[in-house]
Amino acid sequence: MRLRSGVFASSCLLVEALGVALFLRGFFPVPVRSLPRREARGDPPAEPAPPGPGMVSNWTKIPPPLFKKVVIVLIDALRDDFVFGSKGKQFMPYTTQVVEKGTSYSFIAEAKPPTVTMPRIKALMTGSIPGFIDVIVNLNSPALLDDNLIWQAKTAGKRIIFYGDDTWVKLFPKHFVEYDGTTSFFVSDFTEVDDNVTRHLDRVLKREDWDLLILHYLGLDHIGHMTGPNSPLVGPKLHEMDNILKKIHISLLSKEEASLPNLLVVCGDHGMSETGSHGGSSDGEVHTPLLFISSAFEKRSGPLTQPGFVQQTDLASTLAVGLGLPISRNSVGNLILPVVGGKTMREQLRFVHLNGFQLSRLLQENTPAYEKDPGYEHFKIAEKYHGNWIKLYLEGNNSEILLNLGKKVLKQYLEALKTLSSSLSKQVAQYDVYSMMVGTVIIMEVLLLLLLSLPKALSSQAEFEVSLSPPVFSLLFYLMCLMLCAVHVIVCTSAESLCYFCSMSWLTAVGVMMLISALMCSILSAIAKIFENSRPPLKNPVVSSSSWSEVDVLILAGTIGHVLSLGASSFIEEEHQTWYFLINTLCLVLCQELCRNNFLLKECDPQHSTTVKQNFDTIGKASECKNIDIPAACNSKLGQATSSTEFIKGSDKWMSLASPWIILICCRLLRSLNQTGVQWAHRPDFGHWLTSSEHKSELSFLAAVSLLMIFFLVQRRCSLVSKIAMALGLLGVYSYRAAIGNVIFPWQHASKDISKGITEARFVYVFVLGIVFTGTKDLLKSQVISADSSVKSTGLWEVYSGLVLLAALLFRPHNLPVLVFCLLIQTMMTKYIWRPLKFDAAQITIMHYWFGQAFFYFQGNSNGIATVDVSAGFVGLESYVEIPAIFLTVFATYAGPLLWAIHLLCYLSSEVSRLKAQLVVLPGTVLV
């Protein structure tokens, strides 16, 4: 069956998408779910029945609320050390005093990844553990339909007021009697975003027409994104939050009644990493403070102790009990016992029994063999002892035995709650392994088929033969189908948990099995055809020489090895190490290749070189006369052999030999600039040293030198107008960074006022658009008016230059050397390695891909979302505009791979222009 290359590639892409979709469906675990929200409210369980005839407990309702009013102050990106560390003592004196000597309980709440706002709000209000799929919908949060604390409070008639991040308004529409939402994505706003919340406080605190007040402050998170946790802006913001907490606390105390006290809850949705971002699982991102402040608690005395650890999901259960509401059906959290520790033993046992009953019911609905779960067994034992305690209590026994038994039952309940919560939390991390395996098999089969078809796909032929009919009608195909169907039946009938692939219809499942079998048979047929077409080597020493050089072997082995390494999570977390190793090895192999061409081939027999040149000329002329296209690999090898006698001479020769070593040095310097990955990301690096406030002068000098180097490396192929625009644009980049306080000018002696730098950034955008427009005009001219490859090459370079200027604007100042080394390595590789060694297009393409991936990590990026620099999306914007913000963020994150990809186009286009300029048309020949 003959297929054109484009049709074959499109078919493979569709099948690959099917495999990836099936893999992702198994990779993202299905969350633990109970009944829909509309069915969630029902009669609460009664107290455990005491043993013996005729004895029934009279407590069948939900306990009354413990607090009259509750105020939740959520400070976005509030790390635990901002309250319990040195920064808290320095900038939050009132909060520190309340924690150390006041009527409060303090904890460190552990948030589960992903540590971004929307999933964390879900965890706080539902008690469930959102998955990583929630990161995708974080930008546009849909309404929350699961059972949650806000819905329960509204249904119970509680009046709720909210001010702050509008994510709450999207998650809980029509739940608040009054609200004022502010966008959370305009991260360059540090003050107004919090002032819009605080301006309502004085008025609301005087009113009595509310039961629950929620305040979500975003300023600290925005400061972290823009300048990091060690920024001088963090201290004043913490002091501002401390004054707000003081005002709220004093107001609540002044309005308390004798019947019920009020409660102030202070928490963070997540923390921030050492770079100011969040989304990952480092200690700074997952550890947040959790404070309960109320006059109902005993005043702290004695030596100060370290706060205990709780789960962030525990807040939903605790607040539900405090407000007299049912615990959310999907909650996996435990009641924080100290908050209700002042109540009677019967009330405490009632609270933990309600929590345990809710968790055991959730376990029953999500686990087939729930009765064998240790947590369920412990809960039933605790419930039995609780019934015995109720019997003694109803009999009027007030002895020490009743108190000791109550403490024992309470301890058993807490152990059961901990085990039940752990069992339910583990289910969130359970993967659908069968679906993942089926998807992986499809992906690997398509990749192998593409690899086997690669030589024909890269050749000059527009179509090639795909072995499809023989495999489909072979006995092996039917045997594989039967075997896979048998495996499918066994897996689906023996699986204890739900499997997505097993839930498909049998017709669909059999179709997938047939697809897998057909792909495998096609692969085997392609391999057999390769062996059949293999011929003995020719006598001509040039043609019979191996077509695989060390560079080819490295490129193939490295690419396949990298793909295989993605099967291990540790290699994914530290993928940058793989790319660093590959490009370092590539530099060493290129050094060997350069030495061979400069020294070894010169010592060969001169007659051999003459024969090689004659063979190349003969083959070239014959191909021109007969309209035969020479394969790229053969052309490359002959070109390398021909050029051995006229290789680089003089200073260029030694510069060529030194180029791989210079590139190695550049890569080593870049590695020390930004620590990335997971295991070593917390270690200090040169970037942290530069961004500290004590080294602003050094950072300013480095940024200025880097911008000068960028201009020197880019302007060489630009027109005069573009050179002027580039110079002014780079000057605007430095002015923008000086305006927002990252760097300083030499004549600045005192600290100037920090602005958003909107004017300076837009000044740069004008030149970026101008340069890109100039390049686009040349590209259109080369395609429409005249087919001039030199004009096309110039246009591509103009576009590339404009994107380099945009990257310089979006990169943080300490990352500008990454851009400089990117341009320097591209220049050296082009002039001293690729052209002298005459690599073919496929080799150069893969080298560009390797370096592009390496520079992605040189920027400080990783495979975790915590390293995404959100602040880049708001450079030059006065307010949040979705499309420009997303474009700028994506471009800044993937600037390394994008610049290398565009440079590949520039290089290939310039090579076409150069070869056409050198082409000599022989008389009587016909050009193809």
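Residues numbered from 1 in each chain as written. Predicted model: local features only at pLDDT ≥ 70, side-chain atom pairs only at ≥ 80, totals over all residues. Heavy atoms only, no water.

A. The arrangement of the overall build of the protein in detail. The helix and strand inventory of the protein stands at 37 helices and 10 strands. Going through the 928 residues of the protein one by one, you find that 50% of them count as buried. Working note: accessible area of the protein is about 43500 Å², and carbon and sulfur atoms make up 64% of it. (Helix = DSSP H or I, 4+ residues; strand = E, 2+ residues; numbered from the N terminus. Buried < 20%, exposed > 50% of the residue type's maximum accessible area, 1.4 Å probe, protein only. Areas by Shrake-Rupley, 256 points an atom, 1.4 Å probe, with all protein chains shown as cover.)

B. Fine view of the pairing of strand β2 (residues 70-75). Along β2, 6 of the 6 residues are buried, which leaves the element largely enclosed by surrounding structure. Residue alternation in β2 divides its side chains into two sets, V70, I72 and L74 and V71, V73 and I75, and both sets are buried. Of the strand pairs in this sheet, β2 and strand β6 (residues 212-217) are connected by 6 bridges, and their pairing is parallel. Bridging across to β6, V70 finds its partner in L212. Across 5 bridges, β2 lies against strand β7 (residues 263-267) in parallel orientation. Across the sheet, residue V71 finds its bridge partner in β7, namely L264. (Pairing = 2+ DSSP bridges.)

C. A nonpolar patch on the surface, seen in detail. Taken together, the side chains of M444, L447, L448, L450, L451, W548, V553, L556, I560, V563 and L564 define a hydrophobic patch exposed on the protein surface, amounting to about 880 Å² of accessible area. When contributions to the nonpolar patch are tallied by element, the ones reaching two or more residues are α17 (433-458) and α23 (550-565). For V563, the location among the structural elements is in helix α23. For V563, a relative accessible area of 34% translates into the label partly exposed. (Patch = residues over 30% accessible without salt bridge, like charges linked within 9 Å, V, L, I, M, F, W, Y side chains within 5 Å. Salt bridge = Lys/Arg side-chain N within 4 Å of Asp/Glu carboxyl O.)

D. Seen up close, the pattern of salt bridges. For the structure on display, the rule yields 18 salt bridges. Between R596 and E550 there is a salt bridge whose closest N-O contact spans 2.9 Å. Of this pair, R596 sits in helix α25 (residues 575-600) while E550 is found in helix α23, placing the two residues 46 residues apart along the sequence. Since its relative accessible area comes to 22%, R596 is described here as partly exposed. In this structure, a network of salt bridges that share partners links the residues E178, R203, R207 and D209.

E. Highlighting the sheet that holds β2. The strand order across the open sheet built from 8 strands is β5-β4-β6-β2-β7-β8-β3-β9, with neighbouring strands paired in mixed fashion. In this open sheet, the two strands that pair with only one neighbour each are β5 (178-182) and β9 (308-311). Mean inter-strand twist for the sheet, computed between neighbouring axes without regard to direction, equals 20°. As paired strands, strand β3 (residues 104-110) and β9 are joined by 4 bridges and run parallel to one another. (Axes fitted to C-alpha atoms, helices over the stretch in contact; angles between N-to-C directions.)

F. Representation of helix α30 (residues 696-714). Compared with the 27 Å implied by 1.5 Å per residue over 19 residues, the 27 Å span of α30 between its first and last C-alpha is a close match. Within α30 the residues assigned to the buried category are L699, S700, A703, S706, L707, I710, L713 and V714. Across the axial projection of α30, the buried residues extend over an arc of 160°, all falling on one side. Opposite the buried face of α30, at more than 90 degrees from it, the exposed residues are F701, L708 and F712. Buried residues in α30 make contact with α29 (686-691), α31 (720-739), α33 (789-810) and α34 (816-837). (Expected span 1.5 Å × (residues − 1). Arc of directions from axis to C-beta. Contact = heavy atoms within 4.5 Å.)

G. Spotlight on the state of the cysteines. Summed over all chains, the structure comprises 1 disulfide. At a sulfur-sulfur separation of 2.1 Å, the disulfide partner of C492 is C502. Here the S-S torsion is close to -85°, and the disulfide linking C492 with C502 is therefore left-handed. On the criterion of sequence distance, the pair formed by C492 in helix α19 (residues 475-494) and C502 in helix α20 (residues 500-503) is long-range, its members being 10 residues apart. On the accessibility criterion, C502 (22% relative accessible area) is partly exposed. Of all cysteine sulfurs, the one in C591 lies closest to C595, which takes part in no disulfide; the gap is 4.3 Å. Its relative accessible area of 30% is what places C595 among the partly exposed residues. (Disulfide = S-S within 2.5 Å.)

H. Representation of the side chain of E47 in the model. Tracing the backbone shows E47 in the loop between α1 (5-27) and β2. Overall, E47 belongs to the buried group, its relative accessible area being 5%. A polar side-chain atom of E47 sits 2.7 Å from a polar atom in the side chain of R346. Those residues in contact with E47, other than ones at most four positions away along the chain, are S57, W59, R346, R350, H386 and I390. (Polar contact = N/O pair within 3.5 Å; in protein donor to acceptor, adjacent residues only side chain to side chain.)

I. Here's a closer look at helix α36 (residues 882-893). With 12 residues, α36 extends 17 Å between its outermost C-alpha atoms, agreeing within 8% with the 16 Å of an ideal straight helix rising 1.5 Å per residue. Those residues of α36 not exposed but buried are A885, L888, T889, F891, A892 and T893.

J. Examining the nonpolar core more closely. Residues I710 and F851 are the most contacted members of the largest nonpolar core, which totals 90 residues. When near neighbours in sequence (up to four residues on either side) are disregarded, I710 contacts L730, V804, A808, L819, V820 and L823. Core analysis: the next-biggest nonpolar cluster, separate from the first, contains 66 residues, L263, L323, V340 and L363 among them. (Core = buried A, V, L, I, M, F, W, Y, C linked by side-chain atoms within 4.5 Å.)

K. Main features of the packing of aromatic side chains. As enumerated under the stated definition, the model contains 26 aromatic pairs in all. Measuring from centroid to centroid gives 5.5 Å for Y434 and F501, while their planes differ by 70°, and the two rings are edge-to-face. A residue pair is termed long-range when its members are at least 10 positions apart, and Y434 in helix α17 and F501 in helix α20 qualify at 67 residues. Each member of the pair, Y434 as well as F501, carries the same accessibility label: buried. Over the ring of W654 we find K653, and its NZ or CZ is 4.9 Å from the ring centre. (Phe/Tyr/Trp six-rings, centres within 6.5 Å; stacked < 30°, edge-to-face > 60°. Lys NZ or Arg CZ within 6 Å of the ring centre and 35° of its normal.)

L. Geometry of the packing of α23 against helix α35 (residues 841-858). Their axes nearest at 11 Å, the elements α23 and α35 cross at an angle of 45°. Taken together, the axis directions place α23 and α35 in an arrangement best described as oblique. Handedness of the α23/α35 crossing: left-handed. The residues of α35 that touch α23, namely those facing V551, D552, L554, I555, G558 and T559, are Q843, I846, M847 and W850. For the contact of α23 with α35, the class distribution of residues is 6 nonpolar, 3 polar and 1 charged. (Parallel < 35°, antiparallel > 145°, perpendicular 65-115°, else oblique. Left-handed = near helix turned anticlockwise from the far one by under 90°. Nonpolar A, V, L, I, M, F, W, Y, C, P; charged D, E, K, R; others polar.)

M. Just the packing of helix α14 (residues 345-366) against helix α15 (residues 374-394), in detail. With their axes 11 Å apart at the nearest point, α14 and α15 run at an angle of 150° to one another. In terms of axis orientation, α14 runs roughly antiparallel to α15. Here α14 and α15 pass one another in a crossing that is left-handed. Where α14 approaches α15, its residues M345, R346, L349, R350, H353, G356, F357, S360, L363 and Q364 are matched on the opposing element by Y376, F379, E383, H386, W389, I390 and Y393. Tallied by class, residues from the contact of α14 with α15 come to 9 nonpolar, 5 polar and 3 charged.

N. Just the environment of A46, in detail. Tracing the backbone through its elements, the reader meets A46 in the loop between α1 and β2. Taking the relative accessible area as the measure of exposure, A46 reaches 33% and is therefore partly exposed. Placed 15 residues apart in sequence, A46 and K61 show a C-alpha to C-alpha distance of 7.0 Å. Setting aside anything within four residues of it in sequence, one finds A46 in contact with W59, T60, R350 and H353.

O. Representation of unusual backbone geometry in the model. With an omega of 5°, the peptide bond running from P113 to P114 counts as cis. When you line up the elements, P114 lands in the loop between β3 and α5 (117-126). One non-glycine residue, A77, lies in positive phi territory at about 65°. Along the chain, A77 turns up in the loop between β2 and α2 (81-84).

P. Representation of the side chain of N598. By secondary structure assignment, the location of N598 is in helix α25. Using a relative accessible area of 1% as the deciding quantity, one classes N598 as buried. A polar atom in the side chain of N598 sits 2.8 Å from the backbone oxygen of L594.

Q. Quick look at the confidence of the model for the protein. Here the protein shows a mean pLDDT of 82. Residues at 70 or above account for 83%. Below pLDDT 50 for its whole length, residues 538-546 participates in 7 contacts with residues either more than four positions away or in separate chains. Every residue in residues 920-928 scores below 50 in pLDDT, and together they form 10 contacts with partners more than four places removed in sequence or on other chains. (pLDDT = per-residue confidence, 0-100.)

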